[in-house]
Amino acid sequence: MRRLRIGVLASGRGTNLQALIDASREGRLLGEVVIVLSDVASAMALERARKAGIQACYIEPGRKGARLASESEARYIEVLDEARVDLVALAGFMRILSPDFVRHYKLRIMNIHPSLLPSFPGLRAQKQALEYGVKISGCTVHFVDEGVDTGPIIIQAAVPVLEGDTEASLSERILKEEHRIYTEAINLFAQQRLRVEGRIVHVLPLRCMNAGYNPDQTE
Ligand code: GRF
């Protein structure tokens, strides 16, 4: 099986990106990050990519706010297509993608979110969880659909909320699990073991591998 080509979109420090780069280097990821794109020129994620010898581009968002300008989004698609990515992995990308973008990479975009969705979607999920008073939080890897943090769930990991936790301490505990489950989710995708039926993502046993997404398949 050929290794999955992954394009990562990130706006910030890029620890999830780094976890994927490390996992790939250590042979724990069935794919490689071939390109990293950011809407923030100074994003540490871009620096991490360059350091690892991965193509890294800042693409102007074209506007302020939650979405990219349409010309800018078209450029993201162009560059990702040129890089022949099989999967787009959002890792702290602070923009909402348009329905056109989501359709272009249908069920080939993943996101990682620091809560047990559908609880606490959107910004500062860990703070929301603390303020709500939940005793268990965690993280979720999901396919991206047209909503915000609403797509079909691939994997979740639970993390306890401890007495005296701050946003920072809870975030740190969750982040460790994020780094673990993002790799795991991408490996299931690379092994073609994810079959999506409506909201439900079925994880197929290894022997049924051919029923899921096949990067070698041409339509
Ligand atoms: C992570 O908490 C991720 O769940 C959220 O944004 C944060 C990105 O962190 N979507 P990093 O840039 O990967 O360190």
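What comes next is a walk through the structure. No experiment lies behind these values; they were computed from the predicted model shown. (Residues numbered from 1 in each chain as written. Predicted model: local features only at pLDDT ≥ 70, side-chain atom pairs only at ≥ 80, totals over all residues. Heavy atoms only, no water.)

1. Brief notes about the pattern of salt bridges
Where charged atoms from two side chains of opposite charge approach closely, those side chains can pair.
At step 1: What the rule picks out here adds up to 11 salt bridges.
At step 2: Salt-bridge contacts for Lys127 lead to Glu131; the nearest nitrogen and oxygen are separated by 3.1 Å. Here the residue Lys127 and the residue Glu131 both occupy positions in helix 5 (residues 125-132), the gap between them amounting to four residues, near one helical turn.
At step 3: Take Lys127: its relative accessible area is 30%, and that puts it in the partly exposed class.
At step 4: For Glu131, a relative accessible area of 60% gives the class exposed.
At step 5: When the shortest N-O distance is used, the salt bridge between Glu177 and Arg180 registers 2.6 Å. Of this pair, Glu177 and Arg180 both sit in helix 6 (residues 167-190), separated by three residues, roughly a single helical turn.
At step 6: On the basis of relative accessibility, which here comes to 22%, the residue Glu177 falls in the partly exposed class. (Salt bridge = Lys/Arg side-chain N within 4 Å of Asp/Glu carboxyl O. Helix = DSSP H or I, 4+ residues; strand = E, 2+ residues; numbered from the N terminus. Buried < 20%, exposed > 50% of the residue type's maximum accessible area, 1.4 Å probe, protein only.)

2. Considerations on the nonpolar core
At step 1: Counting 40 residues, the largest nonpolar core has Val8, Met110, Ile154, Tyr182 and Ile186 as its most contacted members.
At step 2: Element by element, the count of residues in this core is highest for helix 6, at nine residues.
At step 3: Setting aside its immediate chain neighbours within four residues, Ile186 contacts Leu4, Ile6, Leu20, Leu29, Leu87, Ala89 and Met110.
At step 4: Counting 22 residues, the second-largest nonpolar core is a separate cluster that includes Leu9, Ile35, Leu80 and Ile109. (Core = buried A, V, L, I, M, F, W, Y, C linked by side-chain atoms within 4.5 Å. Contact = heavy atoms within 4.5 Å.)

3. Some words on the site of the ligand
At step 1: Residues in close proximity to the ligand include Arg13, Gly14, Thr15, Asn16, Gly92, Ile112, His113, Pro114 and Glu178, which together make up its full environment.
At step 2: Here Arg13 contributes a side-chain N or O atom positioned 2.6 Å from an oxygen atom of the ligand.
At step 3: The contact in question runs from a nitrogen atom of the ligand to an N or O atom on the backbone of Ile112, over 2.9 Å.
At step 4: Protein contacts shield 87% of the accessible area of the ligand, which totals 370 Å² for the unbound molecule.
At step 5: Of all the elements in the fold, those that place two or more residues in the shell around the ligand are helix 1 (15-25) and strand 5 (109-113). (Near = heavy atom within 4 Å. Polar contact = N/O pair within 3.5 Å; in protein donor to acceptor, adjacent residues only side chain to side chain. Areas by Shrake-Rupley, 256 points an atom, 1.4 Å probe, with all protein chains shown as cover.)

4. Considerations on the pairing of strand 4 (residues 87-90)
Note on strand geometry: in a regular strand, side chains alternate between the two faces of the sheet.
At step 1: In strand 4, alternate side chains face the same way, and those of Leu87 and Ala89 on one face and Val88 and Leu90 on the other are all buried.
At step 2: Sheet topology places strand 1 (residues 4-9) next to strand 4; four bridges connect them, and they run parallel. Bridge pairing in strand 4 places Leu9 opposite Leu90.
At step 3: As defined by bridge partners, strand 4 adjoins strand 5 across three bridges and the pair is classed as parallel. From the neighbouring strand, Leu90 faces strand 5, where its bridge partner is Asn111.
At step 4: For the segment spanning strand 4, helix 4 (residues 99-104) and strand 5, crossover handedness is right-handed. (Pairing = 2+ DSSP bridges. Right-handed = clockwise from strand over helix to strand, strands pointing away.)

5. Side note on the side chain of Asn187
At step 1: Here Asn187 lies in helix 6.
At step 2: What makes Asn187 buried here is its relative accessible area of 14%.
At step 3: Here the side chain of Asn187 touches Arg28 through a polar contact of 2.9 Å, landing on its backbone oxygen.
At step 4: There is a polar contact of 2.7 Å between the side chain of Asn187 and the backbone nitrogen of Leu30.

6. Some remarks on the pairing of strand 8 (residues 194-197)
At step 1: Pairing analysis gives four bridges linking strand 8 to strand 9 (residues 200-203), with the strands arranged antiparallel. Bridging from a neighbouring strand, Val196 pairs with Val201 of strand 9.
At step 2: Turn length for the strand 8-strand 9 hairpin, with the two strands adjacent in sequence and antiparallel, is two residues, and the turn residue Gly198 shows positive phi of about 65°.

7. A word on the packing of helix 5 against helix 6
At step 1: Running from amino to carboxyl end, helix 5 crosses helix 6 at an angle of 115°, the nearest separation of the two axes being 9 Å. Crossing angle aside, the handedness with which helix 5 passes helix 6 is right-handed. Contacts between helix 5 and helix 6 pair Gln126, Lys127 and Leu130 from the former with Glu167, Leu170, Ser171 and Ile174 from the latter. (Axes fitted to C-alpha atoms, helices over the stretch in contact; angles between N-to-C directions. Left-handed = near helix turned anticlockwise from the far one by under 90°.)

8. Quick look at the sheet that holds strand 7 (residues 153-160)
Backbone hydrogen bonds are what pair the strands of a sheet, in a parallel or an antiparallel way.
At step 1: Spatial strand order, 3-2-1-4-5-6-7: seven strands in an open sheet with mixed pairing. Of all the strands in the sheet, just strand 3 (55-58) and strand 7 have a single pairing partner and so form its edges. Between one strand axis and the next, the sheet turns by 20° as a mean value, whatever way the strands run.
At step 2: Relative to the sheet, helix 1 contacts strand 1, strand 2 (31-38) and strand 5, its axis offset from that of strand 2 by approximately 155°.

Function-wise, these values are silent; they only describe arrangement.
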